[in-house]
Amino acid sequence: QALKELLNETAALLCTPGKGISACDESAGTVGKRFEAVGISNTEENRRKYRQMLFETDGVEEFLSGVILDPETLYQKSSTDGRLFPEVLTSKGIVPGVKPHLKVYELPGTNGDTVMQGLDSLAVRAREYRKAGAKFAKWRSPIVIDVTTGRPTSIAIRANMEDLARYALICQSEGLMPIVEPDVSLSGDHDLETAVKVNIAVQSELFKAMTDMGVYMSGTTLKSNIVNPGKDCVKSYTVEEIAAANLYVLRQSFPVAMKGNNYLSGGQSLTQAAARLSAINQMKENDPWNLSFSWSAAIQLPLLQLCQKSGELELKQMSELYMKELRVASAASLGKYTNLKDGDYYVGKV
């Protein structure tokens with residue numbers, strides 16, 4: 001019972017209205033590609049300094065309920081006072097979490113569908129991460145829609161969602177609140193109706209697997225993609241049509257026991273993601289969930305663009321822009337973002 005109360009409390013904190021989760025869990029390789037694109041050297045110290053800016057910018061706690069860390073960052077220290085980053089975040093009222101999954105593996109016979117590796121050693125790693133200060137975890141299962149090749153296959157959906165359920169159960173047993181992330185990619189030329197159908201199939205499979213395995217549903221939360229047509233879809237959709245599609249998917253499958261969904265950005269710009277999240281929240285009726293953000297590239301890529309001229313981390317400028325971006329994201333999570341600009345209509349290409 002004490003464990004359930006702990007998991008429930010963490011879920012409630014992460015689903016605080018007006019706040020979202022910062023996704024800072026990119027691997028050293030992924031961060032390296034982003035750094036190298038703007039001329040920054042991909043060293044551990046540069047990664048540490050960059051993440052420290054994301055965690056210690058004055059006022060971030062007004063807009064962030066949690067931060068997802070890469071295991072490397074979990075053990076790094078702040079140069080401000082020598083504390084480990086999980087302690088820094090906790091002192092600001094921000095819940096620290098960790099990404100425990102490993103690498104993607106292709107499923108034979110599925111035309112390219114994949115599963116995520118890392119379940120075998122998860123219990124041991126979860127125990128270590130909790131000792132290091134993590135309070136929750138996040139596991140991503142990527143899904144691609146390709147109508148021509150019949151993807152995602154039912155095998156891939158079932159394998160990925162059962163893995164997510166097993167991950168959730170293992171994390172809960174080790175005292176980490178699990179975020180489940182079924183990530184249906186924006187790639188492809190499929191229409192919104194196809195996206196709705198696939199997302200319902202994916203999420204309903206996930207939640208059935210979780211309940212079948214005995215996962216404590218009130219002690220877990222969701223991080224899903226915003227339901228969108230493929231980025232190469234020839235048909236255009238309004239923000240309102242996309243918002244309605246997202247609410248339909250949630251109402252068809254999302255358990256009321258779960259407190260919220262922090263949408264990933266998944267290739268959308270900040271303007272596009274914010275416009276769609278805000279519209280979803282504006283169209284909510286008596287829906288019980290907190291619907292917020294957990295964005296990485298949409299927030300971080302514009303920050304890194306500030307470094308392109310110098311090839312150095314422009315931490316002061318980045319910090320200022322970061323706060324502006326978080327205000328946009330927070331407003332969207334409350335249905336109060338109205339500066340739609342180019343995000344007003346979905347025009348096929350992102």
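Scroll up for the structure.
Residue numbers run consecutively from 1 along every chain, following the written order of its sequence. With the structure being a predicted model, the display of local features is reserved for residues of pLDDT at least 70 and the display and counting of side-chain atom pairs for 80 or more, all residues being used for whole-chain, interface and lining totals. Processing note: side-chain calculations cover all non-hydrogen atoms of the structure and skip hydrogens and water entirely.

What follows is about the overall build of the protein chain. Put simply, DSSP marks the helices as runs of H or I at least four residues long and the strands as runs of E at least two long, and each gets a number from the N terminus on. Within the protein chain one finds 12 helices and 12 strands. In this setup the radius of gyration rests on C-alpha atoms only. A globule is expected at 2.2 Å times the number of residues raised to 0.38. Taken over C-alpha atoms, the radius of gyration comes to 19 Å for the protein chain, in line with the 20 Å a tight globule of 350 residues would show. Taken along the three principal axes of its C-alpha coordinates, the protein chain extends 50 × 50 × 40 Å. Partly exposed residues are those whose accessible area sits between 20% and 50% of the maximum for their type, while under 20% is buried and over 50% is exposed, using a 1.4 Å probe and protein chains only. Counting all 350 residues of the protein chain, 57% fall into the buried class. Throughout, a residue-residue contact means that at least one pair of heavy atoms, one from each residue, lies within 4.5 Å. Taking all contacts inside the protein chain whose residues are at least 6 apart in sequence as the whole, residues at least 24 apart take part in 79%. The Shrake-Rupley method, run with a 1.4 Å probe, gives the accessible areas here. Residue values count only the displayed protein chains as cover. For the protein chain, the exposed surface amounts to about 14300 Å²; the carbon and sulfur share of it is 51%.

When a carboxyl oxygen of Asp or Glu is within 4 Å of a side-chain nitrogen of Lys or Arg, the pair counts as a salt bridge. Considering all chains together, one arrives at 16 salt bridges under this definition. A salt bridge links D25 to K138, with the nearest nitrogen and oxygen atoms 2.9 Å apart. In this pair, D25 is assigned in the loop between β1 (20-24) and α2 (28-37) and K138 in strand β6 (residues 136-143), connecting sequence segments 113 residues apart. By relative accessible area, which is 7% here, D25 ends up buried. Close ionic contact of E45 with R48 constitutes a salt bridge, the shortest N to O distance being 2.9 Å.

As a further point, take the nonpolar core. What tends to happen in soluble globular proteins is that the nonpolar side chains get buried as a cluster. Of all hydrophobic cores here, the largest spans 91 residues; its most connected members are Y50, Y167, V180, W295, Y322 and L326. With 10 residues, helix α8 (residues 192-212) is the largest single contributor of residues to this core. Contact partners of L326, with chain neighbours within four places excluded, come to V60, F63, L64, F293 and I299. Only buried residues count toward a nonpolar core. Its members are Ala, Val, Leu, Ile, Met, Phe, Trp, Tyr and Cys residues joined through side-chain atoms within 4.5 Å. L7, I68, F136 and M177 belong to the second largest nonpolar core, which has 9 residues in total.

A few words now on the side chain of D183. Tracing the backbone through its elements, the reader meets D183 in strand β7 (residues 177-184). D183 gets classed as buried once you look at its relative accessible area, which sits at 8%. Of the polar contacts made by the side chain of D183, one reaches the side chain of R140; its length is 2.8 Å. Not counting chain neighbours up to four residues away, the residues in contact with D183 comprise R140, S141, P142, I143, N225 and L264. The definition of a polar contact used here is a pair of N or O atoms within 3.5 Å, where within protein one atom must be able to donate a hydrogen and the other to accept one, and adjacent residues in sequence count solely through side-chain atom pairs.

For β1, a buried count of 5 out of 5 residues is recorded, marking the element as mostly surrounded by other parts of the structure. In the sheet, β1 pairs with strand β2 (residues 64-69) via 5 bridges, with the strands oriented parallel. Note that in β2 the partner of I21 across the bridge is G66. The pairing criterion for strands is at least two bridges between them, as found by DSSP.

For any two helices packed against each other, the geometry is given by the interaxial angle and the distance between the axes. Running from N to C, helix α9 (residues 239-253) and helix α10 (residues 270-283) point in directions that differ by 60 degrees, and their axes come no closer than 8 Å. α9 and α10 meet at a crossing whose hand is right-handed. Contact residues: α9 offers V239, E240, I242, A243, A244, N246, L247 and R251, while α10 offers A275, R276, A279, I280 and M283. Residue type decides the class: Asp, Glu, Lys and Arg count as charged, Ala, Val, Leu, Ile, Met, Phe, Trp, Tyr, Cys and Pro as nonpolar, and the leftover types, Gly among them, as polar. In the contact of α9 with α10, the residues fall into 9 nonpolar, 1 polar and 3 charged. Axis definition: a line fitted to C-alpha atoms, over the contacting stretch in the case of helices. Angles run 0 to 180 degrees between N-to-C directions. With the far helix as reference, a near helix turned anticlockwise by less than a right angle produces a left-handed crossing, and one turned clockwise produces a right-handed crossing.

Turning our eyes to something else, we now look at the packing of aromatic side chains. By convention here, two paired aromatic rings are described through the distance between centres and the angle between planes. Stacked, tilted and edge-to-face are the three classes applied to pairs of Phe, Tyr and Trp rings, where Trp contributes its six-membered ring and a pair requires centres within 6.5 Å; stacked means planes under 30 degrees apart, edge-to-face means over 60, and tilted covers the rest. Here the structure, examined in full by the defined rule, presents 6 aromatic pairs. Taken together, a centroid distance of 5.4 Å and an interplanar angle of 35 degrees make the contact between W139 and Y167 tilted. Pair noted here: W139 is in strand β6 and Y167 is in helix α7 (residues 154-173), with a separation of 28 residues, a long-range link. Side by side, W139 and Y167 carry an identical accessibility label, which is buried.

Let's shift gears to the environment of D232. Following the sequence through the fold, D232 ends up in the loop between β8 (221-222) and β9 (237-238). Classification of D232 as partly exposed rests on a relative accessible area of 36%. Taking C-alpha positions, D232 is 17 Å from S265, a pair spaced 33 residues apart along the chain.

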